[in-house]
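# What the coordinates show
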Amino acid sequence: MLNVQSYQEEGVLQETPATGLTRRELFLASAAGVASVTIVSLAKAHDDVDEAAELIKRLTGRIAIASDRLHLVMPRTFPNGYTVPLNVEIDSPMTESDYVRYVRVVAPRNPLIEVATFHFFPQLSQPRVSTRIRLAEPQDVLAFAELNDGTLLMTKTWVDVATNGCA
Amino acid sequence: MLSSMPRIQVPSSATKGEIFQVKALISHQMETGLRRDNEGDVIPRKIIHKFVCRYNGADVFVADLHEAVAANPYLEFYLRATESGRLEFVWHEDGGGVYSLAHQLLVAQ
């Protein structure tokens, strides 16, 4: 039941106007050939937990709790934005009564903020994954994980990239 | 453009209960739909938007991928060995393309 709900929420998200606005603006900017970096730097935000929590609330409609059970490991600085290593791991016993449903990664300063969502299964998989992502500019990358009881945990990490990986 | 060749790295055997690592890689442009060609036309989006790993028919790891995943998407994840059987890896591309690989895992009791 809850599982179905979380999938539905993701489906709805694609069309949520609240999140679409920023993305559309940035998309139009880059489509028009304007360096999106310039546009975004005007709106350079002060990164704090409140802002991250606010974004997650817009995406999921729910409140996330900053947690040190969620580990998002990325290089602090990286020479290019095309293939930035990402490792995310959640401390969880992964039993039927206590497990992680998914972890979702977003890059709020990318023209399209969604990066990836990884789904895990109790007893069968570990909530630990590595991949490589694109970043348009230096930013706080966010990860948030939903546990089986519906709790949302969040964390973020600052990554400085020298080149735009989304151009 | 490269042909999309999927590759996996996974142990051939494991002991029951053991956590093992899986590495999955596919050659793919992951065209974001944000770029334009020389004529100024938008190059349509074509990405691998989903990756699924099944173990004896059951989903054990699923990834929804978006434009911000790097070209030649690489995934490293961890599964628990339960019983001998078939591991199946499926990459879903925009437009309905599917790439898949299968692997036989031997699990010692």
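Reading guide: rules and limits
Residues numbered from 1 in each chain as written. Chains lettered and ligands numbered in written order. Predicted model: local features only at pLDDT ≥ 70, side-chain atom pairs only at ≥ 80, totals over all residues. Helix = DSSP H or I, 4+ residues; strand = E, 2+ residues; numbered from the N terminus. Buried ≥ 20, exposed ≤ 12 C-beta atoms within 10 Å, placed from the backbone. Core = buried A, V, L, I, M, F, W, Y, C linked by C-beta atoms within 7 Å. Contact = placed C-beta atoms within 7 Å. Pairing = 2+ DSSP bridges. Nonpolar A, V, L, I, M, F, W, Y, C, P; charged D, E, K, R; others polar. pLDDT = per-residue confidence, 0-100.

Of regular secondary structure, chain B possesses zero helices and eight strands. Secondary structure of chain B in N-to-C order comes out as β-β-β-β-β-β-β-β. For chain B, the spread of C-alpha atoms along the principal axes amounts to about 60 × 20 × 20 Å. Counting the 109 residues in chain B, one finds 27% classified as buried.

Residues Ala143, Ala145 and Met154 of chain A are the most contacted members of the largest nonpolar core, which totals 60 residues. Once you skip the residues sitting within four places of it in the chain, Ala143 of chain A turns out to touch Leu70, Leu72, Val88, Val103, Val105, Met154 and Thr155 of chain A.

On to the pairing of strand 5 (residues 100–106) of chain A. All names here are of chain A. In terms of burial, strand 5 is largely enclosed, as six of its seven residues are buried. Pairing of strand 5 with strand 8 (residues 139–147), which is carried by six bridges, proceeds in the antiparallel orientation. Each bridged residue has a counterpart across the sheet, and for Val100 the counterpart in strand 8 is Leu147.

Contacts between the two partners involve 25 residues from chain B, matched on the other side by 28 residues from chain A. Of all the secondary-structure elements, those providing two or more residues to the side of chain B that touches chain A are strand 5 (58–65) and strand 6 (74–80) of chain B. Counted by class, the side of chain B that touches chain A contains 18 nonpolar, two polar and five charged residues. Note that strand 6 (residues 114–120) of chain A and strand 5 of chain B share five bridges and pair antiparallel. Opposite His119 of chain A, over in strand 5 of chain B, you have Val62 of chain B as the bridge partner.

All names here are of chain A. Averaged over every residue, the pLDDT of chain A is 80; the share at 70 or more is 71%. Long-range and interchain partners of residues 1–21, a stretch whose pLDDT sits below 50, account for 12 contacts in this model, where long-range means more than four residues apart. Here residues 26–31 scores under 50 on pLDDT; set against residues more than four positions off or in separate chains, the count is 12 contacts.

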